[in-house]
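Spelled out, the chains give:
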Amino acid sequence: MADYDLIIRNARIVTVERQTDGDIAVKDGKFAAVGEVSGTAKREIDAGGKFVLPGGVDSHCHIEQKSGFGIMCADDFYTGTVSAAFGGTTTVIPFAAQHRGMSLRQVVKDYHEAATPKAVIDYAFHLIVTDPSPQALGQELPALIKDGYTSFKIYMTYDAMKVSDYQMLDILALARRDGALVMVHAENHDMINWLAHHLVDQGHVAPKFHAIAHARIAEAEATNRAISIARLVDAPLLLVHMSEIEAIETLRQAQKKGLKIFGETCPQYIALTSDDMDKPGVQGAMWCCSPPPRDSAAQEAVWEALKDGTFQTFSSDHAPYQFNEGGKIPKGDKTTFKEMANGVPGLELRLPLLFSEGVQKGRITMQQFVALTATNHAKLYGLYPKKGTIAVGSDADFAIWDADKQVTVRWKEMLHDNVGYSPYEGREIHGWPITVVSRGRVVVENGKLDAARGSGQFLPRASPDSAKPLGNPAPELQAMSRFGAKPLF
Ligand code: DUC
Ligand code: ZN
Ligand code: ZN
């Protein structure tokens, strides 16, 4: 009888703590030994000195989700998770998205029904809260947090999604009390709408005007406001998909003050610019996401924040829409930038792009790569140490990386999402995950998938440390009881 199910020999194992040369043994889906491994296994793989990294955790991706405009994502839980696996990601945290009037309980049930028969890797859900009704705040959210949905995203823009500052306070106060982390899409709604109205009025409707309407100051202002709102009630907050110099600096300064404000960025903000949207007709819609990619100075600021730890996570914000009337361009070539579906695919290329542009070009270290793509996501969202590391007792989720492999992005030949194009078509990528293992199962090897539909497991999440308040609400809140008012918390 073999001692283990799987042994990886001659691995260069990287975690956030260290880099070591050795072996890895897996039993019953978990790491059973890391370092010197003696004994036998049902299967051995010689990594030949290649890097073995924790499987990626993608804590921001949209799968089988209907957008605020009512447009369905191109990827379902099968194509989305297959695509993630091929890119070295072994855990995804997509969204169970409430639209106004919906019961959050029902929303969560619907997303489980969609994911259970299809996902090939493990998954959890964040909630998107658009309708913080008395029922949602009083009953559903507290109960759902207890059931393992310990993070929610809220929007400060989009007519169909946005919550008011008042509603943000309600949601943040609840999250603080019950131990959930709030993620925020921070853009000033009225600035965007005002600019868009005038652009459209003058006939400037091409995709490139999306980047004008979503002005940098709209992100900077909303970032500052979101942080102030969180400060009032002493609630931690995570700013998603950050793209912009002033907003990043505001985040950095908040962290320097000791506030529990976290930040995320995405591949499109290191690899694309607004010029990519400047294409004939409506073609530029293929590069359109919100916030929009900016310019090379903003890219540099994003790199700096990845390097100095201002950003904790590098997520895909995979928001997949085909380039047709059911997706990106609902009105065909008559679609204005206001009507385009917002978002770009990125589940599969997230890790390779950061490896190639970051590690290979000497901008970040291997340790930072692991933190930004896996460990920090697991820590922030209550999945650590089950996910996000290589350690005895953790789920055996990892990828063997060929750091020398050169790949030219060709959607048709190599990507597994259902989008039909890649915004990174033709890019040279240096370094690729060649073997991917999820809970001890070799799910990707030699360019082939070996994972059954529905073999991914749902991950209920504990309340994370990231959601614990500092215990320092605004002085006026603290003073309430002195004036005879009932303390709010
Ligand atoms: N926000 C996201 O998080 N994803 C896609 C589009 C958007 O506005
Ligand atoms: Zn968003
Ligand atoms: Zn998103």
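If you're wondering where the values come from, they're calculated on a predicted model, not measured in any experiment.

Draft legend 1. The arrangement of the site of ligand 1 in detail. Every residue close to ligand 1 is listed here: His60, His62, Lys153, Tyr158, His185, His241, Ser290, Asp317, Ala319 and Asn342. Between Lys153 and ligand 1, the recorded distance is 2.5 Å, taken from a side-chain N or O atom to an oxygen atom. Coverage of ligand 1 by the protein amounts to 94% of the 240 Å² it exposes when considered alone. When the residues that make up the shell around ligand 1 are grouped by side-chain class, the tally is two nonpolar, six polar and two charged.

Draft legend 2. Molecular detail of the nonpolar core. By size, the foremost hydrophobic cluster in this structure holds 137 residues, and its most contacted members are Leu127, Phe152, Leu239, Leu306, Leu354 and Phe369. Leave out the neighbours within four places in its chain, and Phe152 touches Leu127, Val129, Leu141, Ile145, Ile171, Leu174, Ala175, Ala180, Leu181, Val182 and Met183.

Draft legend 3. Structural context of the coordination of the zinc ion (ligand 2). Coordination of the zinc ion (ligand 2) by the protein is provided by Lys153 (NZ), His185 (ND1) and His241 (NE2), with metal-donor distances spanning 2.1 to 2.2 Å. Separating the zinc ion (ligand 2) and the zinc ion (ligand 3) is a distance of 4.3 Å. On the criterion of sequence distance, the pair formed by Lys153 in strand S11 (residues 151–155) and His241 in the loop between strand S13 (237–239) and helix H8 (245–256) is long-range, its members being 88 residues apart. There is no split in this pair, since Lys153 and His241 are both buried.

Draft legend 4. Up close: the packing of aromatic side chains. For the coordinates displayed, the defined rule picks out 13 aromatic pairs. Aromatic side chains Phe31 and Phe398 sit 5.7 Å apart centroid to centroid with 35° between the ring planes, which places their arrangement in the tilted category. In this pair, Phe31 is assigned in strand S3 (residues 30–35) and Phe398 in strand S16 (residues 398–408), connecting sequence segments 367 residues apart. A centroid spacing of 6.0 Å and a plane angle of 85° characterise the contact between Phe77 and Phe125, whose relative ring orientation is edge-to-face. You can see Phe77 sitting in helix H1 (residues 77–86) and its partner Phe125 sitting in the loop between strand S9 (122–123) and strand S10 (126–128), a full 48 residues away along the chain.

Draft legend 5. Examining the sheet that holds strand S14 (residues 261–265) more closely. If you walk across this open sheet you meet the seven strands as S8-S10-S11-S12-S13-S14-S15, and the pairing is parallel. Because the sheet does not close on itself, it has two edges, and the strands there are strand S8 (95–97) and strand S15 (313–314). Pairing between S10 and S11: two bridges, direction parallel. Opposite Ile128, over in S11, you have Lys153 as the bridge partner. Across the sheet, helix H2 (residues 104–115) lies against S8 and S10, angled at about 130° from S8, the strand it touches most. Where helix H4 (residues 165–178) meets the sheet, its contacts fall on S11, strand S12 (181–185) and S13, and the angle it forms with S11 comes to roughly 170°.

Analysis parameters
- Residues numbered from 1 in each chain as written.
- Chains lettered and ligands numbered in written order.
- Predicted model: local features only at pLDDT ≥ 70, side-chain atom pairs only at ≥ 80, totals over all residues.
- Heavy atoms only, no water.
- Near = heavy atom within 4 Å.
- Polar contact = N/O pair within 3.5 Å; in protein donor to acceptor, adjacent residues only side chain to side chain.
- Areas by Shrake-Rupley, 256 points an atom, 1.4 Å probe, with all protein chains shown as cover.
- Nonpolar A, V, L, I, M, F, W, Y, C, P; charged D, E, K, R; others polar.
- Core = buried A, V, L, I, M, F, W, Y, C linked by side-chain atoms within 4.5 Å.
- Buried < 20%, exposed > 50% of the residue type's maximum accessible area, 1.4 Å probe, protein only.
- Contact = heavy atoms within 4.5 Å.
- Donors = N, O, S within 2.8 Å, 3.2 Å for Na, K, Ca; no water.
- Helix = DSSP H or I, 4+ residues; strand = E, 2+ residues; numbered from the N terminus.
- Phe/Tyr/Trp six-rings, centres within 6.5 Å; stacked < 30°, edge-to-face > 60°.
- Pairing = 2+ DSSP bridges.
- Axes fitted to C-alpha atoms, helices over the stretch in contact; angles between N-to-C directions.

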